[in-house]
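Breakdown of the fold
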Amino acid sequence: MLRESEPRDRAAFIELHASPQVGMYVGGPRPRDELERTMSGTPGRRPGIFVVERDGAMIGTVELNRRGSEYRSQVRPDAGEPELGYLFLPEAWGHGYAAEACGAVLAWFAAALPGSPVVLCTQTANTRSMRLAAKLGFTEVGRYEAWGAEQWFGEWSQSHQERQ
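A few points on the structure. Note that the structure is predicted; figures quoted are calculated from it, not measured. (Residues numbered from 1 in each chain as written. Predicted model: local features only at pLDDT ≥ 70, side-chain atom pairs only at ≥ 80, totals over all residues. Heavy atoms only, no water.)

1. A look at helix H1 (residues 10–18)
Among the residues of H1, Ala12, Phe13, Ile14, Leu16 and Ala18 are the ones counted as buried. Buried residues belonging to H1 abut helix H2 (20–23), helix H3 (32–38), strand E2 (49–54), strand E3 (57–66) and strand E4 (82–88). (Buried < 20%, exposed > 50% of the residue type's maximum accessible area, 1.4 Å probe, protein only. Helix = DSSP H or I, 4+ residues; strand = E, 2+ residues; numbered from the N terminus. Contact = heavy atoms within 4.5 Å.)

So, in structure tokens, the structure goes:
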């Protein structure tokens, strides 16, 4: 189930951002004590972020946010497309939850803004994320170096999906 963040999700948000496995390809884990001090009572409560819930508990997040100029890739630095992002707790990996949740968010977006593209960036070394991008229908636009690693930049569009 996709829903807004609630105060009961705070511990799961902290676990998600403090996990070495989750942080491996996104800049590393954040210190748990810092997260405990600084994370709001209802983390992630803003437009574009969805909590993924299974059996009454948060297992991850999916985000769809317009890329700010400070986060735009070297592939299309002037484009401000929405970017799909996702983080899941390690115990949720390998069950298809990310594909299902991201697919639902993309379908929602396509209904709300027909024909608008969505982008996704991931490290090429993140084989799970690369497989998910392909499964969701993202196609490679380019690659670039950032944060000491090769990054993959892909695009998804409803019109492309309809042709397949």
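On we go.
2. Description of the packing of aromatic side chains
Counted under the stated rule, the structure contains 1 aromatic pair. The interplanar angle of 75° and the centroid separation of 5.5 Å between the aromatic rings of Phe50 and Trp108 together place this pair among those described as edge-to-face. Here Phe50 is found in strand E2, whereas its partner Trp108 is found in helix H4 (residues 97–112), with 58 residues between them in sequence. Note on Phe50: relative accessible area 17%, which makes it buried. For Trp108, a relative accessible area of 48% gives the class partly exposed. (Phe/Tyr/Trp six-rings, centres within 6.5 Å; stacked < 30°, edge-to-face > 60°.)

3. Structural notes on the pattern of salt bridges
Considering all chains together, one arrives at 14 salt bridges under this definition. Linking Arg3 and Asp9 is a salt bridge whose minimum nitrogen-to-oxygen distance equals 2.8 Å. Put simply, Arg143 and Glu140 hold a salt bridge, and the shortest N to O gap is 2.9 Å. A relative accessible area of 42% places Arg143 in the partly exposed class. Residue Glu140 is classed as partly exposed on the basis of its relative accessible area, which comes to 42%. Where salt bridges share partners, they join Arg3, Glu6, Arg8, Asp9 and Glu53 into one cluster. (Salt bridge = Lys/Arg side-chain N within 4 Å of Asp/Glu carboxyl O.)

4. Some thoughts on the environment of Leu16
Among the structural elements, Leu16 can be located in helix H1. It is 8.6 Å that separates the C-alpha atoms of Leu16 and Ile59, two residues lying 43 residues apart in sequence. In contact with Leu16, not counting residues within four places along its chain, are Val22, Met58, Thr61, Leu87, Phe88 and Leu89.

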